[in-house]
Amino acid sequence: GAVVSQHPSRVICKSGTSVKIECRSLDFQATTMFWYRQFPKQSLMLMATSNEGSKATYEQGVEKDKFLINHASLTLSTLTVTSAHPEDSSFYICSARDAHAGPRSYEQYFGPGTRLTVT
Amino acid sequence: AQSVSQHNHHVILSEAASLELGCNYSYGGTVNLFWYVQYPGQHLQLLLKYFSGDPLVKGIKGFEAEFIKSKFSFNLRKPSVQWSDTAEYFCAVNARSSGTYKYIFGTGTRLKVLA
């Protein structure tokens, strides 16, 4: 149980275009999902917290207009990188929290990640 | 500000050697603690977690960790490493911030086990 998927796993796009990444909780409902960015050989940095039915909460330094987050259902959150530039190339990872896990509801389940390359 | 420190950035061991990876966190309230492993080219996998109770936690693949509250530490150990343990290890703290629980990750420790 508690599987999180991401699509696509890899994407290459041209500079100036937009890319959408999907994060799905497959066997549980997630009122809260998280988006992380991982640079090569570095740790995961939280970008934003995605709440179902409301606006995402962005971490300091993350441009909300550049990284658009939509959490329209209890099993799906999307991250859209708008007007992508080469410096946006990175590994993007989402995680989800089981809304019905009781005391363990703060545990997060991670997706496999999406490698974005902007040329 | 909350933070997680992993002091060992790179560790090289021979097979059968014992492993201990340090993790210290900075947070005054209740925390939930995790160790994740990331094998080359793969996604994060949970090794073990501590919520409450026995501070000595056993995880998968022979790993264990000990929560020492007075030292704000949650060190990862394994008595005898294998070549297949070569991976990157992340310590994470889940703590309440701005009304929600968030993960704060350490910078990671890259372990290489020599056959």
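Going along each chain's sequence as written, the residues are numbered from 1 onward. All chains are assigned letters beginning with A, and all ligands numbers beginning with 1, in the order in which they are written. Restriction of local features to residues with pLDDT of at least 70 applies here, the model being predicted, together with a cutoff of 80 or more for giving and counting side-chain atom pairs; totals for whole chains, interfaces and linings are based on all residues. By convention in this description, side-chain values take in all heavy atoms of the structure and omit both hydrogens and water.

**Q** Just checking my understanding: could you explain the state of the cysteines for this structure?
**A** Put plainly, a disulfide is one covalent bond tying together the sulfur atoms of two cysteines. A pair of sulfur atoms, both from cysteines and within 2.5 Å, is called a disulfide here. Applying the stated criterion across every chain yields a total of 2 disulfides over all chains. Covalently, C23(A) is tied to C94(A) through a disulfide, its sulfur atoms 2.0 Å apart. With the S-S dihedral at roughly 80°, the linkage between C23(A) and C94(A) falls on the right-handed side. Residue C23(A) is located in strand β3 (residues 19-25), and its partner C94(A) is located in strand β9 (residues 90-97); the two are separated by 71 residues in the primary sequence. The burial state of C23(A) is the same as that of C94(A); both residues are buried. Note on cysteine connectivity: C23(B) is disulfide-linked to C91(B), with sulfurs 1.9 Å apart. The sign of the -65° torsion about the S-S bond sets the C23(B)-C91(B) disulfide as left-handed. Numbered from the N terminus, helices here are DSSP runs of H or I no shorter than four residues, and strands are runs of E no shorter than two. To sort residues, take the accessible area from a 1.4 Å probe on protein chains only and compare it with the maximum for the residue type: under 20% means buried, over 50% means exposed, and anything in between is partly exposed.

**Q** Got a minute to help me understand the side chain of K66(A) in this structure?
**A** Residues and elements named next belong to chain A. The topology assignment puts K66 in the loop between β6 (57-58) and β7 (67-73). Under this definition, polar contacts are N or O atom pairs within 3.5 Å; protein pairs additionally need one hydrogen-donor-capable and one acceptor-capable atom, and for neighbouring residues in sequence, both atoms have to be side-chain atoms. Looking at K66, its side chain comes within polar contact range of the side chain of D88, at 2.9 Å. Residue contacts follow a heavy-atom distance rule, with two residues in contact if any of their heavy atoms lie within 4.5 Å. Sequence-distant contacts of K66, defined by excluding residues within four places in its chain, comprise T80, V81, T82, S83, A84, H85 and D88.

**Q** Mind showing me how you'd approach the interface of chain A and chain B here?
**A** By a widespread convention, an interface's size corresponds to the accessible area lost as its parts come together. Between chain A and chain B, the residue contacts involve 19 residues of the former and 19 residues of the latter. At the boundary of chain A with chain B, total buried surface from both sides reaches about 1,600 Å², with 56% on carbon and sulfur atoms. Throughout this description, the term salt bridge denotes a Lys or Arg side-chain nitrogen within 4 Å of a carboxyl oxygen of Asp or Glu. Remark: the boundary between chain A and chain B carries 1 salt bridge. The shortest N-O distance in the salt bridge between E59(A) and K102(B) comes to 2.7 Å. For the interface between chain A and chain B, the tally reads 5 residue pairs in polar contact (both at pLDDT 80 or more). Taken together, the elements giving at least two residues each to the side of chain A that touches chain B come down to β4 (32-38), β5 (44-51), β9 and β10 (108-110) of chain A. Buried area is calculated as the accessible area (1.4 Å probe) missing from two parts once they are joined, with the contributions of both summed.

**Q** Even after reading the chapter, I still don't get the pairing of β9(A), so can you show me in this structure?
**A** Sheet faces and side chains relate simply in a regular strand, where the side chains alternate between the two faces. Residues and elements named next belong to chain A. Here β9 lies mainly inside the structure; 8 of its 8 residues are buried. Residues S90, Y92, C94 and A96 point to one face of β9 and F91, I93, S95 and R97 to the other, with burial holding for every one of them. Pairing analysis gives 3 bridges linking β9 to strand β11 (residues 114-118), with the strands arranged antiparallel. Bridge pairing in β11 links Y92 to T114. Any two strands with at least two DSSP-identified bridges between them are counted as paired.

Nothing here speaks to function; it is all geometry.
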